[in-house]
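Reading the structure
Below are the chains, spelled out letter by letter.
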Amino acid sequence: MFDVSTQSPFVVLWRVMDTCNLECPFCAYDKRLKFPRSVIDTAHVIRMIDVFGALQTSQSRPVLVSWLGGEPTLWADFEKVTDHAAQAGLMQSLTTNGTTLGSAMLRARLAAQFDEVTISVDALGARHEDLRGWNGGFAKLAKWVPQLAQDIRDACSETRLRANVVLMHDTLPQFDELCETLADWGITQITFNQLGGRDRPQFFPTNRLTAVDAEHLSALLPDLRRRLGLRGVKLLGGDPYVGRIVDSAHDVALEVSSCQVAQNFLFIDEKGQIAPCAFVEDHFGVSVADILTAAQLAAVPDHLCQSQQNCPHDACANCMSTQQFSKFDS
């Protein structure tokens with residue numbers, strides 16, 4: 001594994017499928033929704049892993065491939081692809097709803113091959129289960145996440161165990177207690193998003209953070225960070241990120257006329273489309289099918305940045321990409 005304390009990785013976030021096994025009313029991939037589901041062509045992924053490896057070598061810069069869904073651990077080729085990425089020397093991360101963490105084999109794989117595992121946990125107890133449509137799910141996470149933390153320790157692994165929380169109006173009051181519970185489970189980093197309205201606009205108005213909520217969040221974070229820090233847990237999210245949450249809760253739009261996110265980050269969807277973020281994946285017309293060499297891949301960030309500047313997507317008039325800010329700053 002690379003020493004990421006001295007080298008900033010180039011991050012590739014790849015949504016490999018839009019199939020999920022849960023029923024989250026705020027998510028576009030809720031299993032109850034009726035639309036044709038897609039999964040990435042595994043041959044494209046295997047080939048791109050080799051291109052990522054060549055880019056890593058040519059630029060002497062680590063590449064982190066972050067697997068996203070839907071629920072990526074349900075992907076039939078998850079083991080095949082993650083083995084190939086490990087053999088190529090790539091860093092790997094995963095965002096999961098945690099429903100498959102009862103598998104000892106999966107936990108061992110994560111501890112052995114992954115630099116980072118992010119588990120989505122949005123509330124305490126029954127409220128999390130209601131939000132995810134997963135009866136008994138919180139109790140299962142309370143068992144399986146500590147087991148994963150122990151597996152990581154037993155393997156003498158440096159895998160970071162992270163939780164991500166989607167903050168909503170009715171869950172914000174328990175955020176500090178949730179963070180303490182996650183620390184009890186062995187989570188070492190916590191990130192958070194505000195509820196967004198693009199995926200399920202009907203859910204958004206009554207569940208979004210209000211302006212008062214956002215101001216409350218901003219006020220509680222310093223002491224919460226301090227308390228978690230005493231337990232060895234980092235609560236991430238820099239001042240610009242928190243400020244953006246406050247602004248958006250006040251309905252203040254942020255237009256981005258020159259997006260530079262792609263210099264350090266690429267998003268790829270389940271159809272192989274490449275973009276600077278998940279809000280504009282169908283805008284640029286760049287596909288993994290067109291990328292055959294490390295040199296071609298290295299040219300993509302400048303192309304995306306220039307294209308966005310010349311012809312911005314409508315979403316750029318009010319950027320909601322967490323990559324644009326400092327979500328992962330401590």
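First, a word on scope: everything that follows refers to the structure included in this document.

Parameters and conventions
- Residues numbered from 1 in each chain as written.
- Predicted model: local features only at pLDDT ≥ 70, side-chain atom pairs only at ≥ 80, totals over all residues.
- Heavy atoms only, no water.
- Helix = DSSP H or I, 4+ residues; strand = E, 2+ residues; numbered from the N terminus.
- Buried < 20%, exposed > 50% of the residue type's maximum accessible area, 1.4 Å probe, protein only.
- Contact = heavy atoms within 4.5 Å.
- Lys, Arg positive; Asp, Glu negative; His and termini not counted.
- Charge placed at Lys NZ, Arg CZ, Asp CG, Glu CD.
- Polar contact = N/O pair within 3.5 Å; in protein donor to acceptor, adjacent residues only side chain to side chain.
- Pairing = 2+ DSSP bridges.
- Axes fitted to C-alpha atoms, helices over the stretch in contact; angles between N-to-C directions.
- Core = buried A, V, L, I, M, F, W, Y, C linked by side-chain atoms within 4.5 Å.

1. Re the overall build of the protein chain
- Each helix and strand in the protein chain was counted, giving ten helices and ten strands.
- Overall, the protein chain is about 50 × 45 × 45 Å in size when its C-alpha atoms are taken along their principal axes.
- The proportion of buried residues among the 330 residues of the protein chain is 52%.
- A separation of at least 24 residues holds for 74% of the contacts in the protein chain among residues at least 6 apart in sequence.
- Looking at the protein chain, you have 28 positive and 39 negative side-chain charges, and the mean spots of the two groups are 4 Å apart.

2. Looking at the environment of threonine 19
- As for its placement among the helices and strands, threonine 19 is situated in the loop between β1 (10-15) and α1 (42-59).
- Given the relative accessible area of 29%, threonine 19 is considered partly exposed.
- In the structure, threonine 19 is positioned 194 residues away from aspartate 213 in sequence and 32 Å away in space, judged by C-alpha atoms.
- With residues near it in sequence (within four places) discarded, threonine 19 still touches Arg37, Gly70 and Glu71.

3. As for the side chain of serine 66
- Residue position: serine 66 is located in strand β2 (residues 63-68).
- Accessibility expressed as a relative area gives 8% for serine 66, which makes it buried.
- There is a polar contact of 2.6 Å between the side chain of serine 66 and the side chain of serine 93.
- With residues near it in sequence (within four places) discarded, serine 66 still touches Val12, Leu13, Trp14, Ser93 and Leu94.

4. Regarding the sheet that holds strand β4 (residues 116-120)
- Spatial strand order, β7-β6-β5-β4-β3-β2-β1-β8-β9-β10: ten strands in an open sheet with mixed pairing. Every other strand in the sheet has two partners, leaving β7 (234-235) and β10 (286-287) as the edge strands with one partner each.
- Taken together, the six bridges between strand β5 (residues 160-167) and strand β6 (residues 189-194) define a ladder with parallel strand orientation. Paired with asparagine 164 across the strands is threonine 191, a residue of β6.
- On top of the sheet, helix α2 (residues 78-87) reaches β2 and β3 (91-96); it is set at about 150° to β3, its chief contact.

5. Observations concerning the nonpolar core
- Core analysis: the largest hydrophobic core is formed by 95 residues, its most contacted members being Trp14, Phe52, Trp67, Ile119, Phe175 and Phe192.
- Every residue in contact with phenylalanine 175, bar those within four places of it in the chain, is listed here: Val165, Leu167, Phe192, Leu217, Leu220, Leu221, Leu224 and Leu235.
- In this structure, Leu13, Leu68, Phe265 and Cys319 belong to the second largest nonpolar core, which totals eight residues.

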